[in-house]
Amino acid sequence: MNNRTNQPLPVPMSSPDLSEAERQAVAEVMATPRLSMGPKVDAFERAVADYVGVKHAVAVNSGTAGLHLCVRAAGVVDRDLVLTTPFSFVASANVILYERAIPVFVDVDPDTGNIDPEQVERSLTDLTAGRTSGWLPRRGADHPGPLRAMIPVDVFGQPADYDRLLPLARTNGLRTILDACESLGARHDDRAAGTMGDAGVYAFYPNKQITTAEGGLVVTDDDDWAQLVRALRNQGRAPGDTWLDHTYLGYNYRLNELNAALGLAQMGRLEALLAARQQVADWYNQRLAGVSRVQPPAVAETTSRTSWFVYVVRLEPASDRRQLMANLEQAGVPTRPYFSPIHLQPYFVERFGYQPGDFPVTEDLGRRSLALPFSGVMTEAQVDRVVEELRAALRKS
Ligand SMILES: *Cc1c(COP(=O)(O)O)cnc(C)c1O
């Protein structure tokens, strides 16, 4: 109890699920001189590659770094067009800007929040016929290059509609980079999230399904992509290069041994971690079924397994979310407005001239979504408390 206010402690927004195995694994690396470029990174890569069933995995020091390297591997250059979603964490679109390419935002499905294949199809038909109006941004898109790649995002742990997206990409000659930073462990039909495109990227910030504190990982079945991504993360050193030879313009995007050891220990517990998150989501689903003004997350037919990343509910259109969030905060229940549309971030508006109304479904979801506290270490009592406080806050607003 918090003495001053006599209120119970706040429920954390998210928490990593760490055990003695993780502490020991990190301590073991600390007892060796090998802190980078060693066996833990190799073992962590192997563990993830085997789990999702791909040939290659390349660990990097963030999900953003992994996405950036995939954009490089896809051959994206100045003014190329890259299809993606405005309803995501900002990194999935930033990596397009890093290479001075032009994002082609396509609005999302209102149920799942994932990029809408029907609109993807229309955008491709229009753009290949030279009808750019409505698809390219108002400014910052002069002399557009070719359509080069697509970056779908598995929003909140649910795979995008790959059965429809990937054939469209193939027909139109687009490379596919799957942002699976929120979906490690999810399955689409019979395939692991992140494994169906040219490459997929997972992320391991502390609120993700597994954590390395900071980190990410690129998976691919393509030998050339794997080799290039490996070289680019390591200052552009190609196989055979010495420490001071650099075949490519590279980066230091390496994951170190301490973080890799942490990730490897988490991979050893992955099924238990995912099951614990599923249990918390189930508790929420049961309790929220009786709350009329809140819509629980929708699961698509093509999702054979959701890997819960966050638990995001949808409020009614007329709700005063700001007031509701303030009331909940005061009651010790933090919440987040997941996501804030990417196209309306200040530098996107300045550079590309986006305006409110450009992507109505994204903006509607952005206004009405509310992420509740969520993690695999949440207790049933904490879920009860969040739902009780949510009911109380709804009555007040
Ligand atoms: C977490 C996340 C990333 C990568 O985040 P990092 O903090 O760079 O590891 C990218 N895309 C999405 C959709 C994410 O949720």
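Each remark here, short or long, concerns the structure printed above.
Calculation rules
- Residues numbered from 1 in each chain as written.
- Predicted model: local features only at pLDDT ≥ 70, side-chain atom pairs only at ≥ 80, totals over all residues.
- Heavy atoms only, no water.
- Pairing = 2+ DSSP bridges.
- Helix = DSSP H or I, 4+ residues; strand = E, 2+ residues; numbered from the N terminus.
- Contact = heavy atoms within 4.5 Å.
- Axes fitted to C-alpha atoms, helices over the stretch in contact; angles between N-to-C directions.
- Polar contact = N/O pair within 3.5 Å; in protein donor to acceptor, adjacent residues only side chain to side chain.
- Near = heavy atom within 4 Å.
- 1 Å grid on protein atoms, 1.4 Å probe; cavity = no way out; pocket = protein on both sides within 12 Å on 5 of 7 lines; lining within 4 Å.
- Sits in = over half its atoms within 2 Å of the grid points.

For the rest of this paragraph, the subject is the sheet that holds strand β12 (residues 311-315). Reading across the sheet, the three strands line up as β10-β12-β13 and stay open at both edges, with antiparallel pairing between neighbours. Here the strands that pair on one side only, and so sit at the sheet edges, are β10 (294-295) and β13 (369-372). Sheet topology places β10 next to β12; two bridges connect them, and they run antiparallel. Residue pairing for β12: V294 is matched across the bridge by L315. Against the sheet, helix α10 (residues 321-330) contacts β12 and β13, and its axis sits at roughly 15° relative to β13.

Turning our eyes to something else, we now look at the side chain of Q266. The topology assignment puts Q266 in helix α8 (residues 257-268). One polar contact links the side chain of Q266 to the main-chain amide nitrogen of T211, over a distance of 2.8 Å. Contact partners of Q266, with chain neighbours within four places excluded, come to D17, L18, E22, I210, T211 and L273.

What follows deals with the site of the ligand. Neighbouring the ligand are 13 residues; G63, T64, D179, E182 and K208 lie closest to it. Within the contact set of the ligand, an oxygen atom lies 2.8 Å away from a backbone nitrogen or oxygen of G63. Side-chain polar atom of D179 to a nitrogen atom of the ligand: 2.8 Å apart, as the coordinates give it. One can see that the ligand is located within the largest pocket. With three residues, helix α3 (residues 63-73) is the single largest residue contributor to the shell around the ligand.

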